[in-house]
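Geometric and topological summary
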Amino acid sequence: AQRVTQPEKLLSVFKGAPVELKCNYSYSGSPELFWYVQYSRQRLQLLLRHISRESIKGFTADLNKGETSFHLKKPFAQEEDSAMYYCALSGLGNQGGKLIFGQGTELSVKP
Amino acid sequence: EPEVTQTPSHQVTQMGQEVILRCVPISNHLYFYWYRQILGQKVEFLVSFYNNEISEKSEIFDDQFSVERPDGSNFTLKIRSTKLEDSAMYFCASRQNTEAFFGQGTRLTVV
């Protein structure tokens, strides 16, 4: 079964604290993993993907195939990071492939 | 920067009525998608469209749903006879490579 699980609906941290948004997946094949972010009243936008192995806005995520996880991390959270974060997967190399989303985690960064 | 545009932003319709949700994907993209998000639930895949035909559809996308690309720029989702449970945010997305770009969504309310 193809599934993405984000166990936390809401994560609340103080500014400057480290943050980790958890994502686990189930996929029979080689998945491509993504994190999408949705700021208040804005559209879903790509934050990062595992293939590019880049850091965007201080966020990183490492694909752990053994644990089937793709957790999103940032060492020092900022107030502007407050948003909904969605982990998603697609079939690797399948350019026409659909995205399968997790439930989303709302990150709230308090001053 | 090019964007995916959806109209209307909010549509209220009576149960049993037909609705058409419109999307203008990014012009050089080849893959098009519709997703929906019922309030409080995850973003769910409905249908993908490539080369003027449906390439994949979910169980949700039953005979009441149809998609069209009538003029090479618009991409529409039609719901023939709306039900209360069709109330949701509907997102259009388009994709050229691995990154999917999303529209801002249409909130459909069926009363």
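Above this note sits the structure.
No experiment lies behind these values; they were computed from the predicted model shown. (Residues numbered from 1 in each chain as written. Chains lettered and ligands numbered in written order. Predicted model: local features only at pLDDT ≥ 70, side-chain atom pairs only at ≥ 80, totals over all residues. Heavy atoms only, no water.)

With respect to unusual backbone geometry
Threshold: Secondary structure is summarised from DSSP: a helix means a run of H or I of at least four residues, a strand means a run of E of at least two, and numbering begins at the N terminus for each. Partly exposed describes any residue whose relative accessible area lies between the buried limit of under 20% and the exposed limit of over 50%, with all areas from a 1.4 Å probe on protein chains only and scaled to the type maximum.
In this structure, the amide linkage connecting Thr 7 of chain B to the following residue, Pro 8 of chain B, adopts the cis form with an omega of -10°. Position of Pro 8 of chain B relative to the elements: it lies in the loop between strand S1 (5–7) and strand S2 (10–13). Phi angles above zero are rare outside glycine, and Arg 41 of chain A is one such case at about 65°. Within the fold, Arg 41 of chain A resides in the loop between strand S5 (31–38) and strand S6 (45–49). Non-glycine residue Lys 57 of chain A carries a positive phi angle of around 55°. Examined against the element boundaries, Lys 57 of chain A turns out to sit in the loop between S6 and strand S7 (60–61). Under the relative-accessibility criterion, Lys 57 of chain A is labelled partly exposed at 48%.

Some thoughts on the pairing of strand S8 (residues 75–79) of chain B
All names here are of chain B. The line we're drawing: A pair of strands is labelled paired if DSSP reports no fewer than 2 bridges between them.
Burial analysis of S8 places 4 of its 5 residues in the buried class, the great majority of the element. Pairing of strand S3 (residues 19–24) with S8, which is carried by 5 bridges, proceeds in the antiparallel orientation. By the bridge assignment for S8, Val 19 is matched with Ile 79. For strand S7 (residues 65–68) and S8, the ladder comprises 4 bridges, and the chain directions are antiparallel. Paired with Phe 65 across the bridge in S8 is Ile 79. Counting the residues between successive antiparallel strands, the hairpin from S7 to S8 contains 6 residues, one of them, Gly 72, with a positive phi of roughly 80°.

Let's talk about the state of the cysteines
For clarity, the threshold we go by: We call a pair of cysteine sulfur atoms a disulfide when they lie within 2.5 Å.
In the structure shown here, the tally under the stated rule is 2 disulfides over all chains. Paired by a disulfide, Cys 23 of chain A and Cys 87 of chain A hold their sulfur atoms 2.0 Å apart. Every disulfide takes its handedness from the sign of the S-S torsion; for Cys 23 of chain A and Cys 87 of chain A that torsion is -65°, giving left-handed. With Cys 23 of chain A in the loop between strand S3 (19–21) and strand S4 (24–26) and Cys 87 of chain A in strand S9 (residues 83–91), the pair connects residues that are 64 residues apart, well separated along the chain. Classification of Cys 87 of chain A as buried rests on a relative accessible area of 0%. Disulfide partner of Cys 23 of chain B: Cys 92 of chain B, at an S-S distance of 1.9 Å.

None of this, on its own, says anything about what the molecule does.
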